[in-house]
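Structural overview
Residue-level listing of the chains:
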Amino acid sequence: MPKNGDEPIVRVNGVDYRWPKKPLVVVCIDGGDPSYFDRGLKDGIIPNVARFMRQGFNAVADGTVPSFTCPNNMSIVTGAPASVHGISGNFYLDPATGEAVVMTGPELLRGTTIFAEFARAGAKVVSITAKDKLRRQLGKGLDISRGNMNFSSEQADKCTKAEHGIDNVLKFVGMPLPNMYSAELSLFVLEAGIRILERDRPDIMYLSLTDYIQHKYAPGESEANKFYKNLDEKFGRLAELGAVVALTADHGMNDKSKPDGTPNVIWLQDILDSEFGKGDTKVICPITDYFVAHHGALGGFVRVYCRGGRAKPEQIMKLIEPIKGIETVLDKPTICAKYDLPPDREGDVAVVSDRNTCVGASKADHDLSGLEGHRLRTHGGVSEARVPFVISEPIGDVYAKRAKAGALKSHNIFEYALNGAAAH
Ligand SMILES: [Zn+2]
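In this report, the structure presented in the accompanying data block is examined. Because the structure is a prediction, the values reported are computed rather than measured.

Definitions and limits used
- Residues numbered from 1 in each chain as written.
- Predicted model: local features only at pLDDT ≥ 70, side-chain atom pairs only at ≥ 80, totals over all residues.
- Heavy atoms only, no water.
- Pairing = 2+ DSSP bridges.
- Helix = DSSP H or I, 4+ residues; strand = E, 2+ residues; numbered from the N terminus.
- Axes fitted to C-alpha atoms, helices over the stretch in contact; angles between N-to-C directions.
- Contact = heavy atoms within 4.5 Å.
- Buried < 20%, exposed > 50% of the residue type's maximum accessible area, 1.4 Å probe, protein only.
- Core = buried A, V, L, I, M, F, W, Y, C linked by side-chain atoms within 4.5 Å.
- 1 Å grid on protein atoms, 1.4 Å probe; cavity = no way out; pocket = protein on both sides within 12 Å on 5 of 7 lines; lining within 4 Å.
- Points joined across faces, edges and corners; volume = space filled by probe spheres on them.
- Nonpolar A, V, L, I, M, F, W, Y, C, P; charged D, E, K, R; others polar.
- Donors = N, O, S within 2.8 Å, 3.2 Å for Na, K, Ca; no water.
- Tetrahedral: all angles 85-135°; square planar, octahedral: opposite > 155°, others 65-115°.

**Topic: the sheet that holds strand E9 (residues 149-152)**
Spatially, the seven strands line up as an open sheet ordered E5-E20-E11-E4-E10-E8-E9, and their pairing is mixed. Edge strands, defined here as strands with exactly one partner in the open sheet, are strand E5 (57-62) and E9. Each strand axis lies, on average, 15 degrees off the axis of its neighbour in the sheet, ignoring direction. Sheet topology places E5 next to strand E20 (residues 386-391); six bridges connect them, and they run antiparallel. Looking at the pairing, valine 60 lines up with proline 388 of E20. The sheet contacts of helix H1 (residues 34-43) involve E5, strand E11 (244-248) and E20, and relative to E20 the element is tilted by about 55 degrees.

**Things to note about the environment of leucine 177**
When you line up the elements, leucine 177 lands in the loop between helix H8 (169-173) and helix H9 (184-200). Along the primary structure leucine 177 and glycine 89 are separated by 88 residues, whereas in three dimensions their C-alpha atoms are 28 Å apart. Those residues in contact with leucine 177, other than ones at most four positions away along the chain, are Ser153, Glu154, Ala156, Asp157 and Leu170.

**Section: the sheet that holds strand E16 (residues 326-331)**
Pairing is antiparallel across the open sheet formed by four strands, whose spatial order is E14-E15-E17-E16. Taken across any chain shown, the strands that pair with only one partner, and hence form the sheet edges, are strand E14 (281-284) and E16. Neighbour-to-neighbour, the strand axes of this sheet turn through a mean angle of 20 degrees, independent of strand direction. Pairing geometry for E16 and strand E17 (residues 349-353), over five bridges, is antiparallel. When the sheet's bridge partners are listed, threonine 328 is paired in E17 with valine 352. Most of the contacts of helix H12 (residues 268-276) go to E14, to which it runs at about 175 degrees, and overall it touches E14, strand E15 (301-306) and E17.

**Considerations on the pairing of E11**
For E11, a buried count of five out of five residues is recorded, marking the element as mostly surrounded by other parts of the structure. Alternating positions in E11 separate into two faces, Val244, Ala246 and Thr248 on one and Val245 and Leu247 on the other, with burial throughout. Direction of pairing for strand E4 (residues 24-28) relative to E11: parallel, over a ladder of five bridges. Considered in E11, the bridge of leucine 24 is made with valine 244. Bridging between E11 and E20 involves three bridges; their strand directions are antiparallel. Within E20, the residue paired with threonine 248 across the bridge is phenylalanine 389.

**Description of the nonpolar core**
Counting 49 residues, the largest nonpolar core has Phe115, Phe118, Tyr206, Ile391 and Phe414 as the members making the most contacts within it. Broken down by element, the residue count for this core peaks at seven residues, all from helix H16 (residues 413-422). Apart from the residues lying within four places of it in its own chain, the contact partners of isoleucine 391 are Phe52, Gly56, Phe57, Val244, Val245, Ala246, Tyr416, Ala417 and Ala421.

**Some details on the layout of surface pockets**
A probe as big as a water molecule, rolled over the atoms, marks out the empty space that is left. Size it by volume and the largest pocket reaches roughly 440 Å³. Lining the second largest pocket are 13 residues, and of these Asp62, Gly63, Val65, Tyr339 and Lys409 lie nearest its centre. Each residue belonging to the lining of the second largest pocket can be placed in one class, and the counts come to five nonpolar, three polar and five charged.

**With respect to the coordination of the zinc ion**
Here the zinc ion is held by the protein donor atoms Asp30 (OD), Thr69 (OG1), Asp250 (OD) and His251 (NE2), which lie 2.0 to 2.2 Å from it. For the zinc ion, the four donor atoms in the first shell make angles of 93 to 139 degrees at the metal, so the coordination geometry reads as irregular. Counting gaps between the donor residues of the zinc ion yields the pattern D-x38-T-x180-D-H. Of the two residues, aspartate 30 sits in the loop between E4 and H1 while threonine 69 sits in helix H3 (residues 69-78), which places them 39 residues apart along the sequence. When its relative accessible area of 2% is taken as the criterion, threonine 69 is described as buried.

Here is the structure:
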């Protein structure tokens, strides 16, 4: 392993990372649009985040497009764009079978993670996620036998030493198993992180939350403010225990409802079917996962595949471009070049809606009952790809200059936090 003096350097996907001199905790606030911090600061409910911003580093960064959960979590933990790690959605169309496949398998993740490589070099690494769907990819290549941990709050009652590196989690954390659709699913992750930091002082910890609250409540609503106040208290405790705390998000969130409160949707498959005939094209909504009550599988980015031979990408683009609420329509080579995406997991045409609009497939296939009368708030587009980038301690001149010089990417947060803040 290369060394910098006595300090090991860990190389991951072409980037060199310095060994942390104090524990580093990176938190991915799922759906943590920068407007929640803005409102929290105004309302005076997030004093610890305010202190991090003042004394450490604060910026808004570009996340991965499409602005979905899986691609962005994988960008953060690999320190690389989706063209490198391959996870370009929560769902994609397998070109071999023509079937839509969920993208959470570790075999679909290319390259390696910061966790696997630091653990290999002897660091103690802990990864905790709210949604169990992320757990296996986060744990790819991570040796659990040496005190490392990888588990979810969703399935905290099923943890074993052999598979997760920890057992009896509910008793250890002192909280009941949280509901899949609750604020507690996130708060449990943070509380578990605090207990483990207290007891074991791991070198690197990753805490990935869920966006249940942000899908349901806008900044400033009492439920949202209550959640952010609770988050802030936990961030404060992590810092108090001596960790460098780095905060980012996988994506933002926008209200995509009409004035009357109903979802503002472009039903793209229906439009394509009436033009080219049923079965000729296939719209894939890569936001789809089994947490559908959040958003009814409606997001700001979909992929269109040419299946039947009638419609060509140019014709599809020409048909979609003028539709009100569409922001960008790009063919495969252009979207891949512009947003650093893997071509073998891209559709023939990528469609991005604007901040007030979302795109679905066929109206008949989306179940919106989970919204329970709430306005539809969702993400996926370019307008939801701006995320907070906050580090509790100063990052030093080199990284401060680099942040100022060009577009800051959220997938660089481990680099900025390890090399700029935790290495000193
Ligand atoms: Zn998310």
